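Structure assessment
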Amino acid sequence: LASAGIPVPDYMRGRALNPLASGEAGEWRKEVYMEISESHIGRAIRTERWKYEVVFPDHGEINGVTHPGGDVYVEAYLYDLERDPWEQSNLVNDPSLTGVREELARITKGYIDAIENRNVTILPGTISPGQYP
């Protein structure tokens, strides 16, 4: 809308990308947040170094149309994009990365709360399917 010179309605969220593309953005967030609701229900973030996804535990015939989100998610993927740009090694169960996962979970929860107005719980990826709440 900004590129076309059209006023942005109050109900629309976000910022114009023009300053980012021109190098004049100043402060800009360092991660990208994604919502997945096709083959499964998930939420993910990508930082310069990490890609992290949490998924809604599948309790049967739930999909993104009938159930767009949940209150509990389980860590599913963690990739170190610096060392593994092709995402060949899922590090979600690596105990040495607990701090990284906790920080990424905190950021992800912040986006979910801000966008969906939902305070979620993110369980560690080491939880087995029979332990899902």
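The structure under discussion appears in the preceding block.
Only a predicted model underlies this, so the values are computations on that prediction, with no experimental measurement involved.

Focus: the packing of aromatic side chains
For the structure on display, the rule yields three aromatic pairs. Pairing Y33 with Y111 gives two aromatic rings, centres 5.0 Å apart and planes at 10°, and the pair type is stacked. Residue Y33 is found in strand β1 (residues 32–37), and its partner Y111 is found in helix α2 (residues 98–116); the two are separated by 78 residues along the sequence. Of the two residues, Y33 and Y111, both sit in the buried class.

Considering the nonpolar core
Judged by nonpolar contacts, the single largest core of 19 residues is most densely connected at I45, W50, Y52, Y73, L78, L104 and I122. Secondary structure elements with two or more residues in this core: β2 (41–46), β3 (50–55), β4 (72–80) and α2. The element best represented in this core is α2, accounting for five residues. When near neighbours in sequence (up to four residues on either side) are disregarded, I122 contacts Y52, V54, Y73, E75, A105, T108 and K109.

Looking at the pairing of β3
Of all six residues making up β3, five are buried, and the element is well covered by its neighbours. Of the strand pairs in this sheet, β2 and β3 are connected by five bridges, and their pairing is antiparallel. Within β3, the residue paired with G42 across the bridge is V55. From the end of β2 to the start of β3, which pair antiparallel, there are three residues. Of the pairings in the sheet, the one linking β3 to β4 comprises six bridges and is antiparallel in character. Residue pairing across strands places E53 opposite Y77, the latter belonging to β4.

Side note on the pattern of salt bridges
For the structure on display, the rule yields eight salt bridges. Note that R43 and E116 form a salt bridge whose closest N and O atoms lie 2.7 Å from each other. Highlighted residues: R43 in strand β2 and E116 in helix α2, separated in sequence by 73 residues. For E75, the salt bridge is made with R101, and the minimal N-O distance between the two is 2.8 Å. Taken together, the residues span a long stretch of sequence, with E75 in strand β4 and R101 in helix α2 at a distance of 26 residues. Judged on exposure class, the residue E75 and its partner R101 are both buried. When salt bridges with common partners are traced through the structure, they connect R43, D71, E116 and R118 into a single cluster.

Rules used in this analysis
- Residues numbered from 1 in each chain as written.
- Predicted model: local features only at pLDDT ≥ 70, side-chain atom pairs only at ≥ 80, totals over all residues.
- Heavy atoms only, no water.
- Phe/Tyr/Trp six-rings, centres within 6.5 Å; stacked < 30°, edge-to-face > 60°.
- Helix = DSSP H or I, 4+ residues; strand = E, 2+ residues; numbered from the N terminus.
- Buried < 20%, exposed > 50% of the residue type's maximum accessible area, 1.4 Å probe, protein only.
- Core = buried A, V, L, I, M, F, W, Y, C linked by side-chain atoms within 4.5 Å.
- Contact = heavy atoms within 4.5 Å.
- Pairing = 2+ DSSP bridges.
- Salt bridge = Lys/Arg side-chain N within 4 Å of Asp/Glu carboxyl O.

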